[in-house]
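Listed below, chain by chain, are the residues.
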Amino acid sequence: MRKNRRNFGNSSTELKKSVREKLSDALELPKEITLDVPHITMVGNIDMVIENYKGVFEYSNTKIRINTATGVIKIEGDSMHIKEITSEEVSISGKLRKIEYI
Amino acid sequence: MLLMRLWNYMRGYVIIIVEGYFLEKFINICTHRQIYLWDVRILNNCAMCLKVSIKGFKKVRGVARKSKCRVRIKRKVGLPFILYRYRKRKALFFGLLIFVAIIYTLTSFIWTIEIKGNKIIPSESIIETLDSLGLYVGRFKHRINIDNIVTNMEILIDDVAWIGIAINGTKAEVEIVERVRAPHIVDKDKPCDIIANNDGIVTEITVKSGAAVVKTGDTVKKGQLLVSGTIPSRYEGQEPRLVHSVASVLARTWYEGFSDVQDSIIIKSKTGKKKHRYSLILFGKQINLHRNRIAFDKYEQNEDVKLLSLGHNLQIPIGLIVKTIHEINDVELILSQEQARKLAADTALKAAMDKLPIHARVERTDTYFVEKSDGVITANVVVECIEEIGEQQQM
């Protein structure tokens, strides 16, 4: 039963996503809006902008965790700080070393 | 980002220190409530420093209470705080107001008039006419009726074909296109003669209509009749026929130029010593900043006028004249006979060539050296050329 449900859930989300994805592909709409996924821009390893994020989970000089619709993004680095933060985007600056989806 | 920083400075912001165990929660609530935060820096694991606008700071208190953080102001930055500090200094604001008012009034006058495009009409007469029509230095620029001036200028100055006036800042730019006068031509259906406009020997005469009075090889004087438009009738007792003469009369003409042969010439050379003189210009008046006389015996000076201007068009009637004075040493150069003669011949040739009409074709040039009674030798250059000398004249 449990297994079934999981299967069912997976297939349904997959189906749903694929329909949305197809639609956005067909209409050439930006995916971060139609699929509600973050849009990440990086400048070398010194600057990073995450648009369409949900919230800040953890914030320190060496480790930042940011919640998004696709999961938590973990950023590790040195002397990092938030340059700007609004409800739409967060801009991180510093020496970035590692970006990870968890 | 400089623009952004400047904008933030104008709006004013507060640098605050947030202390507490739920700093992330503080940030999240702030973003939720549309409070813009920037330069968020962690100080240690329970304190951070960030910047927030004045408007945002008012909302921050509530957020702090909710996230159980303590907020204290580290520094207030920006124009609103400075203005608040100086709010009681009325003279300062009054001065600021006066400053703006003075700048505004000074820039609403015409300070310079620039005239472009005139070759025949002297600029002075244009300025005079503009003056009488109400465009002059010191005129309030909002009261100038450009259309009216343009129309009247075209009526008052005959040689103006088109005039354009543009007021850029405190500068009035007057652009003029001069009328090109049509050459003097007698109407095709009116009878006319052809007369000589220069002395010479006729080398070729081609008559299309009219009766030739002179023939090739004749010497003619200026004003002499060349081709007559009055053709006598072949029959006795009939009125002569009048025609519109058309002919080409080419003649050999001469132009002379003279120059004395000099044994030596004086060359002015700069010794390298120079001095600067400064004078101020205030509203068209010149004020010398130096009083003592120039120490050089012989000198040459050039002026450099520097007017203050804001941008390209807004000229302020305050400026500086820099006169650079160069000391000059006269060096006498003794010329050999050959050199002296050549120099004189060149000068004479140039003088002769200046007299030549544009359409004349140079045939040959001759140089003679004549010794005058006082012993001075003069170079005499004769330029021989072929030119059209016929000119129509109405009867």
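Residues numbered from 1 in each chain as written. Chains lettered and ligands numbered in written order. Predicted model: local features only at pLDDT ≥ 70, side-chain atom pairs only at ≥ 80, totals over all residues. Heavy atoms only, no water.

A. Region of interest: the overall build of chain B. When helices and strands are counted, chain B shows eight helices and 22 strands. The buried share of chain B, taken over its 395 residues, is 33%. Sequence-distant contacts in chain B: of pairs separated by 6 or more residues, those separated by 24 or more amount to 66%. (Helix = DSSP H or I, 4+ residues; strand = E, 2+ residues; numbered from the N terminus. Buried < 20%, exposed > 50% of the residue type's maximum accessible area, 1.4 Å probe, protein only. Contact = heavy atoms within 4.5 Å.)

B. Summary view of the overall build of chain A. Assigned secondary structure in chain A consists of two helices and six strands. Scanning chain A from its N terminus toward the C terminus, one meets helices and strands in the order α-α-β-β-β-β-β-β. By the burial criterion, 29% of the 102 residues in chain A qualify as buried. When contacts within chain A are restricted to residue pairs at least 6 apart in sequence, long-range pairs at least 24 apart make up 38% of them. Carbon and sulfur atoms make up 54% of the accessible area of chain A, which totals about 6,600 Å². (Areas by Shrake-Rupley, 256 points an atom, 1.4 Å probe, with all protein chains shown as cover.)

C. A look at the nonpolar core. With 37 residues, the main nonpolar core has Phe26(B) and Met48(B) as its most contacted residues. Discounting residues that sit within four places of it in the chain, Met48(B) has contacts with Tyr59(A), Ile16(B), Ile17(B), Val18(B), Leu23(B), Phe26(B), Ile27(B), Val40(B), Arg41(B), Ile42(B) and Leu43(B). Formed by 17 residues, the second largest nonpolar core is a distinct cluster that contains Ile126(B), Ile157(B), Ile165(B) and Ile176(B). (Core = buried A, V, L, I, M, F, W, Y, C linked by side-chain atoms within 4.5 Å.)

D. How the structure looks around the sheet that holds strand β21 (residues 377-388) of chain B. Residues and elements named next belong to chain B. Spatially, β11-β9-β15-β21-β20 is the arrangement adopted by the five strands of the open sheet, whose pairing is antiparallel. Each edge of the sheet is formed by a strand with only one pairing partner; in this case those strands are β11 (219-220) and β20 (361-371). Pairing geometry for strand β9 (residues 200-209) and β11, over two bridges, is antiparallel. Bridge pairing links Ile201 to Thr219 in β11. (Pairing = 2+ DSSP bridges.)

E. Structural context of the pattern of salt bridges. Residue and element names in this part refer to chain B. Considering all chains together, one arrives at 20 salt bridges over all chains under this definition. In this structure, Arg252 engages Glu384 in a salt bridge whose closest nitrogen and oxygen atoms are separated by 2.7 Å. In this pair, Arg252 sits in strand β15 (residues 246-260) while Glu384 sits in strand β21, placing the two residues 132 residues apart along the sequence. Judged by relative accessible area, Glu384 falls into the buried class, the value being 10%. (Salt bridge = Lys/Arg side-chain N within 4 Å of Asp/Glu carboxyl O.)

F. Spotlight on a positive patch on the surface. Residue and element names in this part refer to chain B. A cluster of like positive charges, contributed by Lys25, Arg33, Lys66 and Lys68, occupies part of the molecular surface. Structurally, the position occupied by Lys68 is in the loop between α3 (54-66) and β4 (70-77). For Lys68, a relative accessible area of 64% gives the class exposed. (Patch = residues over 30% accessible without salt bridge, like charges linked within 9 Å, V, L, I, M, F, W, Y side chains within 5 Å. Lys, Arg positive; Asp, Glu negative; His and termini not counted. Charge placed at Lys NZ, Arg CZ, Asp CG, Glu CD.)

G. Region of the structure containing the packing of helix α2 (residues 23-32) of chain B against α3(B). Residue and element names in this part refer to chain B. Between α2 and α3, whose axes approach to 9 Å, the crossing angle comes to 135 degrees. One finds that α2 runs oblique with respect to α3. Considering only the axes of α2 and α3, their crossing is right-handed. Residues Lys25, Phe26, Ile29 and Cys30 of α2 touch α3, and the partners they reach there are Val60, Val63, Ala64 and Lys66. (Axes fitted to C-alpha atoms, helices over the stretch in contact; angles between N-to-C directions. Parallel < 35°, antiparallel > 145°, perpendicular 65-115°, else oblique. Left-handed = near helix turned anticlockwise from the far one by under 90°.)

H. Geometry of the side chain of Thr253(B). Residue and element names in this part refer to chain B. Mapped onto the fold, Thr253 is located in strand β15. A polar side-chain atom of Thr253 sits 2.9 Å from a polar atom in the side chain of Glu387. Beyond its immediate chain neighbours, meaning those up to four positions away, Thr253 contacts Asn198, Asp199, Gly200, Val383, Glu384, Cys385, Glu387 and Ile389. (Polar contact = N/O pair within 3.5 Å; in protein donor to acceptor, adjacent residues only side chain to side chain.)

I. Geometry of the sheet that holds strand β12 (residues 225-228) of chain B. All names here are of chain B. Taken together, the four strands give an open sheet; going across it, the order is β10-β12-β8-β22, and neighbouring strands pair in antiparallel fashion. A strand with exactly one partner marks an edge of an open sheet, and here the two such strands are β10 (211-212) and β22 (390-394). By the bridge criterion, two bridges tie strand β8 (residues 192-196) to β12 in an arrangement that is antiparallel. Along β12, the bridge assignment pairs Ile195 with Leu225.

J. Summary view of the interface of chain B and chain A. At the interface, 15 residues of chain B touch 15 residues of chain A. Together, the buried faces of chain B and chain A total about 1,300 Å²; carbon and sulfur atoms form 53% of this surface. Contact with chain A buries surface across chain B, with Glu24(B), Thr31(B) and Ile42(B) losing the most and accounting together for 37% of the total. Between the two partners, chain B and chain A, sit zero salt bridges. (Buried area = accessible area lost by both parts, 1.4 Å probe.)

K. Summary view of the side chain of Asn380(B). Residue and element names in this part refer to chain B. Its place among the elements puts Asn380 in strand β21. By relative accessible area, Asn380 is classed as buried at 11%. A distance of 3.4 Å separates polar atoms of two side chains, one belonging to Asn380 and the other to Glu256.

L. Structural context of the packing of aromatic side chains. All names here are of chain B. Considering all chains together, one arrives at four aromatic pairs over all chains under this definition. Here the aromatic cluster, defined as three or more aromatic residues joined through ring pairs, consists of Tyr13, Tyr36 and Trp38. It is Arg87 that lies over the ring of Tyr84; its NZ or CZ is 4.1 Å from the centre. The positively charged end of Arg341 is found above the aromatic ring belonging to Phe369, 4.6 Å away from the centroid. (Phe/Tyr/Trp six-rings, centres within 6.5 Å; stacked < 30°, edge-to-face > 60°. Lys NZ or Arg CZ within 6 Å of the ring centre and 35° of its normal.)

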